[in-house]
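Chain residues, written in single-letter form:
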Amino acid sequence: MRIRFLPITTLLLTAFLFGFLAAEAQSESSAGCGLAAPTTPGVSTHLPLPYATLNRGYRLHLPPGYDPNTPTPIVLSTHGYYSSGSINESFTGLSGHADTNGYIAVYPESTSFNAGFYNGEWWGAVTSWNDLGCNTSPGPQGPLCVDPQWEDYYPCPPECGSCNACESCSCHDDIGFISAVLDDLEAKLCLDLNRIYAMGYSNGGTFAHALACELDERLAAVIPQHGVRPRGYNCATDGRMPILIIGGTNDNTIPIDGSSSPSDGFVYSSMPDVAAGF
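Residues numbered from 1 in each chain as written. Predicted model: local features only at pLDDT ≥ 70, side-chain atom pairs only at ≥ 80, totals over all residues. Heavy atoms only, no water.

*Asks:* Please provide a residue-by-residue account of the state of the cysteines, values included.
*Replies:* Applying the stated criterion across every chain yields a total of six disulfides. Each sulfur of the disulfide joining Cys134 and Cys169 lies 1.8 Å from the other. Taking the sign of the S-S torsion, 80 degrees for the link of Cys134 and Cys169, the bridge is right-handed. In this pair, Cys134 sits in the loop between strand 8 (125–128) and helix 4 (174–188) while Cys169 sits in the loop between strand 8 and helix 4, placing the two residues 35 residues apart along the sequence. (Disulfide = S-S within 2.5 Å. Helix = DSSP H or I, 4+ residues; strand = E, 2+ residues; numbered from the N terminus.)

*Asks:* Describe the packing of helix 4 against helix 5 (residues 203–214), with residues and values.
*Replies:* Between helix 4 and helix 5, the shortest axis-to-axis distance is 11 Å and the interhelical angle comes to 70 degrees. Overall, the two elements helix 4 and helix 5 adopt an arrangement that is roughly perpendicular. Across from Asp174, Ile175 and Ile178 in helix 4, the residues of helix 5 making contact are Phe207, Ala210, Leu211 and Glu214. Classifying every residue of the contact of helix 4 with helix 5 gives five nonpolar, no polar and two charged. (Axes fitted to C-alpha atoms, helices over the stretch in contact; angles between N-to-C directions. Parallel < 35°, antiparallel > 145°, perpendicular 65-115°, else oblique. Contact = heavy atoms within 4.5 Å. Nonpolar A, V, L, I, M, F, W, Y, C, P; charged D, E, K, R; others polar.)

*Asks:* Tell me what's going on with the nonpolar core, and back it up with residues and numbers.
*Replies:* Judged by nonpolar contacts, the single largest core of 52 residues is most densely connected at Leu60, Ile104, Val106 and Leu185. Among the secondary structure elements, those contributing two or more residues to this core are strand 2 (57–61), strand 3 (72–78), strand 4 (104–108), helix 4, strand 9 (191–201), helix 5 and helix 6 (271–276). Within the second largest apolar cluster, eleven residues are counted, among which are Val75, Ala98, Tyr197 and Ile246. (Core = buried A, V, L, I, M, F, W, Y, C linked by side-chain atoms within 4.5 Å. Buried < 20%, exposed > 50% of the residue type's maximum accessible area, 1.4 Å probe, protein only.)

*Asks:* Describe unusual backbone geometry, listing the residues and the values that go with them.
*Replies:* In terms of backbone geometry, most residues other than glycine have negative phi values and most peptide bonds are trans. In the segment running from Ser137 into Pro138, the intervening peptide bond is cis, with an omega of 0 degrees. With respect to the helices and strands, the residue Pro138 is situated in the loop between strand 8 and helix 4. Within the chain, Asn119 stands out as a residue other than glycine whose phi angle is a positive 50 degrees. Turning to its location among the elements, Asn119 is positioned in the loop between strand 6 (117–118) and strand 7 (121–122).

*Asks:* Can you lay out the side chain of Ser137 for me, pointing to particular residues and giving the numbers?
*Replies:* Inspection of the secondary structure assignment puts Ser137 in the loop between strand 8 and helix 4. For Ser137, the side chain forms a polar contact with the main-chain nitrogen of Leu144, separated by 3.1 Å. What Ser137 contacts, discounting residues up to four positions off in sequence, is Pro143, Leu144, Asn164, Ala165, Cys166 and Glu167. (Polar contact = N/O pair within 3.5 Å; in protein donor to acceptor, adjacent residues only side chain to side chain.)

*Asks:* Lay out the packing of aromatic side chains in plain terms, naming residues and giving numbers.
*Replies:* As enumerated under the stated definition, the model contains eleven aromatic pairs in all. The interplanar angle of 80 degrees and the centroid separation of 5.4 Å between the aromatic rings of Tyr81 and Tyr154 together place this pair among those described as edge-to-face. A residue pair is termed long-range when its members are at least 10 positions apart, and Tyr81 in the loop between strand 3 and helix 2 (85–92) and Tyr154 in the loop between strand 8 and helix 4 qualify at 73 residues. Take Tyr81: its relative accessible area is 14%, and that puts it in the buried class. The buried category is assigned to Tyr154, whose relative accessible area is 11%. Arranged with centres 6.2 Å apart and planes meeting at 80 degrees, the rings of Tyr82 and Trp123 form a pair that is edge-to-face. (Phe/Tyr/Trp six-rings, centres within 6.5 Å; stacked < 30°, edge-to-face > 60°.)

*Asks:* Which residues make up the pairing of strand 2, and what values go with them?
*Replies:* Burial analysis of strand 2 places four of its five residues in the buried class, the great majority of the element. Here strand 1 (residues 45–48) pairs with strand 2 via four bridges, running antiparallel. Across the sheet, the residue bridging to His46 is Arg59, located in strand 2. Alignment of strand 2 against strand 4, held across four bridges, turns out to be antiparallel. Each bridged residue has a counterpart across the sheet, and for Leu60 the counterpart in strand 4 is Val106. (Pairing = 2+ DSSP bridges.)

All we've got here are geometric facts, nothing functional implied.
Written out as structure tokens, the structure is:
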């Protein structure tokens, strides 16, 4: 299976976006203000959150100086395909940055299934996010991949029933799950409701793009990194939500210009086209 770990500037870029917007927003307290912290500040903890009959959850990291009476900004970070919240925490280094800058870091967990051996290759537990496009091929602009050798490369998640060519990700309601995560956090923690941010990497980045469009009334800004929604599924917000799209000219998996991927033949939205809608 194809897994990418590229040198990133997550911390620098998050610091830029976070600092810029923090100066502009007026605090709005969540319902959880005044309640004792549900986890030990400075220590990352997995919290279960059943959703739609599934046992799901998220990884929560409160900064050491967390004050249950002070509205605190929060950053949701969604992991990539075949990854997890704990791997994402280590990969991004976001918790250390949150400790230094006084915000809450949250790492939601996608769903998974055991693909075992598939097409002669061991996959084991496969995780992915439903970005409302990657499981719907052909799309409005045709198939989501253009190279026949990759049409059935990715194992089909069982909840999808059967998959068409070029489909690759979960069919679960992940937008609804993230909304439930926010509801849970707002009830337990003292959040600043005007400073809730989402970022994601690869498949987590395509999902962050979807979150920007589907949960724009709850998010202050998004950072899709090396990932935007598949071609034909580009979307934008009604308002002018700030977005920071991170891509690379040497990225062989999700090219920035909307051309087909040299890595697996899949085609994603042009990043400049995505930026133009925000």
